[in-house]
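Listed here are the chains, written in short residue letters.
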Amino acid sequence: IEDYVIINNGMGNVVIGDNSLIASRVKIVGPVEIGENVLFGSGGQVTGLTHAFEDVNVPIRSQGVNAMVTIIEDDIWIGGNSILIQGITIGTHSLVAAGSVVTKDVEPYTVVAGNPAKPIKKYDFETKTWIKVK
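All values reported here derive from a predicted model rather than from experimental measurement.

Now for the sheet that holds strand β11 (residues 77-78). By definition, the strands of a sheet pair up through backbone hydrogen bonds, in either a parallel or an antiparallel sense. Ordered in space as β3-β6-β11-β14-β16-β17-β18, the 7 strands form an open sheet in which the pairing is mixed. Because the sheet does not close on itself, it has two edges, and the strands there are β3 (21-22) and β18 (129-132). With 2 bridges joining them, strand β14 (residues 95-96) and strand β16 (residues 110-114) adopt parallel strand pairing. Within β16, the position partnered with Val-96 by the bridge is Val-112.

A few words on the pattern of salt bridges. A side chain of one charge can pair with a side chain of the opposite charge if their charged atoms are brought near each other. This structure, assessed with the given rule, holds 1 salt bridge. Note that Glu-107 is salt-bridged to Lys-122, the shortest N-O span being 2.4 Å. Here Glu-107, found in the loop between β15 (101-102) and β16, pairs with Lys-122, found in strand β17 (residues 117-124); they are 15 residues apart in sequence, far enough to count as distant.

A sheet is described by the order of its strands in space; here 4 strands give the open sequence β2-β5-β10-β13, paired in parallel fashion. Edge positions in the sheet fall to β2 (14-16) and β13 (89-90), since each of these pairs with one other strand and no more. One ladder, built from 2 bridges, connects strand β10 (residues 70-72) with β13; its direction is parallel. What sits directly across from Ile-72, in β13, is Ile-90.

The rules behind the values
Residues numbered from 1 in each chain as written. Predicted model: local features only at pLDDT ≥ 70, side-chain atom pairs only at ≥ 80, totals over all residues. Heavy atoms only, no water. Pairing = 2+ DSSP bridges. Helix = DSSP H or I, 4+ residues; strand = E, 2+ residues; numbered from the N terminus. Salt bridge = Lys/Arg side-chain N within 4 Å of Asp/Glu carboxyl O.

So this is what it looks like as structure tokens:
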């Protein structure tokens, strides 16, 4: 864990697996589970909570938060300045391109990019190559 990383477990546990690297200026707000051999580029954010907003008669600030665990499985690279929204799962051996905003689950062996992040490549075990997603 490099300098200037913020890890906040006020709403739930933050679990970090062996051999994972969290670069500078990453912010992690629990509940979050990070597997083994995960790489985080600088400046990213992963959260396990969001502010409640449903009651239009109450200021959002007064409605509290909802916690939903965010899971980052093993052997994943999260590119710099990416944002992972609460309650999603990033599957094994996936890559999140730099600057992406991930709002949905990512299947294992998938590369996602963009805002919102969408699959751009998947690993094909038959051909043993990464195939572009159309």
